Amino acid sequence: MIALRTKAKQYEMDMCSGPILRKMLMFALPLMLSSILQLLFNAADIVVVGKFAGDNSLAAVGSNTALINLLTNLFIGLSIGANVVAARSYGAKTWDDLRDTVHTSMLLSMISGGLMVLGVIGARQMLIWMQTPEEVLPLATTYLRIYFLGMASTMVYNFGSALLRAVGDTKRPLYFLLCAGVINVVLNLIFVVGFHLDVMGVAIATVISETVSALLVLRCLMKESGGIHLELRALHIHRKKMIQILRIGLPAGFQGVVFALSNVVIQSSVNIFGNIVV
């Protein structure tokens, strides 16, 4: 047990004392790579269907890219709220507040992910609003609906990794995402090349890989000690913490949406020219 705690502590980083430049770089580089990797999940799907499936399949996945990037930016922004509130408590060494933030954040992420069932219902209409070509609309709808089913895992990963980053740990979230990325690519090839599942295959592979990253983050938090420790039986929405998280996270999420929204508008304009251009 002592060895496990020591190993976990080595990932933490005290940003409140000592030289700051080296710590900033060690903290920021894994964080940057993690953000890039999340956006590349959809790119991996595009590469596989572009190589082993038809033009319509490639257009179906490609037509979803801008919308998926918008959702990813929104979720990353929302998780910033959990990160900031947890970091405040960790820096102030108010362990009860940190514990409340952890359990509020993780339950909030699960509830938010569950609400994505509305996305499953409205996926086709969203793509129609984006003027997706008629010949690729069924495939694009299939991809987006399956992707929405995996949003709960995406939310859990983002909020869980945000809590780890609050204590200075940006390495393990990157390792978990790298593992999920490898699984995504391997499953893409198995489902598309081996089982000929086409667009459905790459979507299922993405959901499975994101679920793996979420489970790894949950396992990590449950093995932590102190205020950052997660206990599933203790999941509870603490109203004060939820308000603090949303007050910071919603503006950050909407900021990410504003930038990504321009790409959605551009994609909608491109969609007018048909599946080959898409």
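What counts, and at which threshold
- Residues numbered from 1 in each chain as written.
- Predicted model: local features only at pLDDT ≥ 70, side-chain atom pairs only at ≥ 80, totals over all residues.
- Heavy atoms only, no water.
- Helix = DSSP H or I, 4+ residues; strand = E, 2+ residues; numbered from the N terminus.
- Buried < 20%, exposed > 50% of the residue type's maximum accessible area, 1.4 Å probe, protein only.
- Contact = heavy atoms within 4.5 Å.
- Axes fitted to C-alpha atoms, helices over the stretch in contact; angles between N-to-C directions.
- Parallel < 35°, antiparallel > 145°, perpendicular 65-115°, else oblique.
- Left-handed = near helix turned anticlockwise from the far one by under 90°.
- Nonpolar A, V, L, I, M, F, W, Y, C, P; charged D, E, K, R; others polar.
- Core = buried A, V, L, I, M, F, W, Y, C linked by side-chain atoms within 4.5 Å.
- Phe/Tyr/Trp six-rings, centres within 6.5 Å; stacked < 30°, edge-to-face > 60°.
- Disulfide = S-S within 2.5 Å.
- pLDDT = per-residue confidence, 0-100.
- 1 Å grid on protein atoms, 1.4 Å probe; cavity = no way out; pocket = protein on both sides within 12 Å on 5 of 7 lines; lining within 4 Å.
- Points joined across faces, edges and corners; volume = space filled by probe spheres on them.

### A word on the side chain of Gln-267
Then step 1. One can find Gln-267 in helix H11 (residues 239–271).
Then step 2. A relative accessible area of 14% means that Gln-267 is categorised as buried.
Then step 3. Look past the residues within four positions of Gln-267 in its chain and what remains in contact with it is Gly-62, Ser-63, Ala-66, Met-130 and Val-278.

### Considering the packing of helix H7 (residues 137–149) against helix H10 (residues 198–223)
Then step 1. Relative orientation of the contacting elements H7 and H10 amounts to 15 degrees, with a least axis distance of 9 Å. The angle between H7 and H10 places the two elements in the roughly parallel class. For the crossing formed where H7 meets H10, the hand is right-handed. Residue-level inspection shows Leu-139, Thr-142, Tyr-143, Ile-146 and Tyr-147 of H7 in contact with H10, the latter providing Asp-198, Val-199, Met-200, Val-202, Ala-203, Ile-204, Thr-206, Val-207 and Glu-210.
Then step 2. Broken down by class, the residue content of the contact of H7 with H10 amounts to ten nonpolar, two polar and two charged.

### Points about the nonpolar core
Then step 1. If you look at the biggest cluster of nonpolar residues, it comprises 63 residues, and the most contacted ones within it are Phe-75, Met-106, Tyr-143, Phe-148, Leu-163 and Leu-221.
Then step 2. Apart from the residues within four sequence positions on either side, Met-106 is in contact with Val-156, Phe-159, Gly-160, Leu-163, Leu-218, Leu-221, Leu-230 and Leu-235.

### A closer look at the environment of Thr-94
Then step 1. Turning to its location among the elements, Thr-94 is positioned in the loop between helix H4 (65–92) and helix H5 (95–114).
Then step 2. As for Thr-94 and His-238, which are separated by 144 residues in sequence, their C-alpha atoms are 15 Å apart.

### Looking at the side chain of Ser-209
Then step 1. Secondary-structure assignment places Ser-209 in helix H10.
Then step 2. Residues in contact with Ser-209, not counting those within four places in the same chain, are Phe-41, Ala-180, Ile-183 and Asn-184.

### Brief notes about the environment of Met-26
Then step 1. Looking at the secondary structure, you find Met-26 in helix H2 (residues 21–52).
Then step 2. Given a relative accessible area of 27%, Met-26 falls into the partly exposed group.
Then step 3. Between the C-alpha atoms of Met-26 and Pro-251, which are 225 residues apart in sequence, the distance is 27 Å.

### Examining the packing of H4 against H5
Then step 1. One can describe the packing of H4 onto H5 by two numbers: an axis separation of 8 Å at closest approach and a directional angle of 160 degrees. Taken together, H4 and H5 sit at an angle that is classed as roughly antiparallel. In this structure, the crossing between H4 and H5 has a hand that is left-handed. Side by side, H4 and H5 meet where Ala-82, Val-85, Ala-86, Ser-89 and Tyr-90 of the first sit next to Trp-95, Asp-97, Leu-98, Thr-101 and Ser-105 of the second.
Then step 2. Across the contact of H4 with H5, the residue classes break down as six nonpolar, three polar and one charged.

### Concerning the packing of aromatic side chains
Then step 1. Enumeration according to the criterion identifies three aromatic pairs in this entry.
Then step 2. Look at Phe-191 and Phe-195: their rings are 6.4 Å apart centre to centre, the planes differ by 50 degrees, and that puts the pair in the tilted class.
Then step 3. The exposure class of Phe-195 is exposed, given its relative accessible area of 54%.

### Quick notes on the state of the cysteines
Then step 1. Using the criterion set out here, one finds zero disulfides in the structure.
Then step 2. Note on Cys-179: no disulfide assigned, nearest cysteine sulfur contributed by Cys-220 at a separation of 13 Å.
Then step 3. The exposure class assigned to Cys-179 is partly exposed, which follows from its relative accessible area of 35%.
Then step 4. Its relative accessible area of 7% is what places Cys-220 among the buried residues.

### Observations regarding the confidence of the model for the protein chain
Then step 1. Overall, the predicted model of the protein chain reaches an average pLDDT of 86, with 93% of residues at or above 70.
Then step 2. Confidence, read as mean pLDDT per element, is least for helix H1 (residues 2–9) in the protein chain (46) and greatest for H10 (94).
Then step 3. This stretch, residues 1–8, has a pLDDT under 50; its non-local contacts, to residues over four places away or in other chains, come to three contacts.

### Brief notes about empty space enclosed by the protein
Then step 1. Inspection of every chain in the model, using the stated rule, returns one cavity of 30 Å³ or more.
Then step 2. Taken as a whole, the largest cavity encloses approximately 80 Å³ of empty space.
Then step 3. If you go around the largest cavity, the residues you meet are Gln-38, Phe-41, Thr-72, Tyr-147, Ser-153, Thr-154, Tyr-157, Leu-177, Glu-210 and Ser-213.
Then step 4. Sorting elements by how many residues they give to the lining of the largest cavity places helix H8 (residues 151–166) first, with three residues.
Then step 5. Looking at the lining of the largest cavity residue by residue, the classes come out as four nonpolar, five polar and one charged.

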